[in-house]
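So you can see what is in the structure, the chains are spelled out below.
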Amino acid sequence: MISRGLAVPDATECARFLAAANYYRFSGYARYFQKAPHLGDDGFRPGCTFEEIRAVYDADEALRTALVRPLARVELMLRSHTARVIADEHGPYGRYLEADFYTDVGDREPTVESCLRDIERSRDRHILRYRGAGGDSADFSELPVWSAVEAWSFGTLSKAIERGAGGTLADSVATSIGVAKAGFAYRVKALVYLRNRCAHHSRLWHHSVIDAGPTPNNVRKKAKREAGQFEPRSVLDVIASLDDMTARGGVAGPLLPKLAAEHDRASEFMQGLAKPQSPRDHA
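Student: Whenever I open this one, the pattern of salt bridges confuses me. Can you help?
Tutor: Opposite charge on two side chains makes pairing possible when the charged atoms of those side chains draw close. Under the criterion given, the structure shown has 18 salt bridges. In this structure, the salt-bridge partner of Arg54 is Glu13, at a minimum N-O distance of 3.7 Å. One end of the pair, Arg54, is in helix H3 (residues 50-90); the other, Glu13, is in helix H1 (residues 11-21), with 41 residues separating them in the sequence. Taking relative accessible area as the criterion, Glu13 reaches 30% and is therefore assigned partly exposed. Between Glu75 and Arg79 there is a salt bridge, with the nearest N and O atoms lying 2.4 Å from each other. Linking Glu75 with Arg79, this pair stays in helix H3, spanning four residues, or about one helical turn. By the burial criterion, Glu75 is buried, and Arg79 matches it.

Student: Looking at this structure, I do not really get the environment of Thr246. What am I missing?
Tutor: If you trace the backbone, Thr246 turns up in helix H11 (residues 235-249). Between the C-alpha atoms of Thr246 and Thr175, which are 71 residues apart in sequence, the distance is 14 Å. Apart from residues lying up to four places away in sequence, Thr246 is in contact with Pro70, Val74, Val251, Ala252 and Gly253. At 2.9 Å, the side chain of Thr246 and the backbone oxygen of Asp243 are in polar contact.

Parameters at a glance
In this convention, every chain numbers its residues from 1, walking through the sequence in written order. With pLDDT at 70 or above as the cut-off, local features in this predicted model cover only qualifying residues; side-chain atom pairs require 80 or more to be listed or tallied, and sums for whole chains, interfaces and linings still use all residues. Excluded from the side-chain calculations are hydrogens and water; all other atoms, namely the structure's heavy atoms, are used. What counts as a salt bridge is simple: a side-chain nitrogen of Lys or Arg found within 4 Å of a carboxyl oxygen of Asp or Glu. Every helix listed is a DSSP run of H or I at least four residues long, and every strand listed is a run of E at least two residues long, numbered separately from the N terminus. Exposure categories follow from relative accessible area, calculated using a 1.4 Å probe and restricted to protein chains: below 20% of the type maximum is buried, above 50% is exposed, and the middle band is partly exposed. The contact criterion used is simple: two residues touch if any of their non-hydrogen atoms lie within 4.5 Å. Two N or O atoms count as a polar contact when they lie within 3.5 Å, although within protein this holds only if one can serve as hydrogen donor and the other as acceptor, and sequence-adjacent residues are included solely when both atoms are side-chain atoms.

Structure (structure tokens):
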């Protein structure tokens, strides 16, 4: 990095950091400070320092940590409301484990198989009691849905919400929580995607969210007053959606105002969250 023009005041500390953090991971941030790595020019911009890049790296790590709690609380809220809606509208037993309860898509794994796989993997006592005496057979027809949802992964829960009850389950869950029905299932999918990136310590800065949900316009307008302009597939857009759900569900305080208070809108870090650019890597 020094040979490419990066100012590194303390090479020993830099080497220690890279040994712990993984040079390859750090280079994903460093690319955005280089002249044109996508064109083969790996030289750093004049005056660029190691501390400058690390500040963005550390801010990104802090954001992932800050997202863990609200994402977890929304996930639990979604489990609770999904179980309640299914039990109230379709009965607490059996129906949610029937294949025709879900409207599946193409050649993807049938939703009921995802639900059963997660249940069968569980080693919790509230699930094990429905297995046969030898553990080689199971009858989950009497497993109540409020118990089953605790065994589902967040991804499986998202599929069930999107595809359940002929596609109407998402509307019912949204109504139960008190959020807009339009695009609700896709908003949940975006939260699953964001949670998975945080869980795997993946970069959020300059990352365009693949499964971005349609954040309601009124939510976006309020968020932009707090944090400035941001693009629809940006991480800030998903955080705005998350804040809306936590506020309406009463499970956590908003994260976006705290983020805006800690970082200037024009800062390198906030701009990377608001207007993600494609990876500046070798062509």
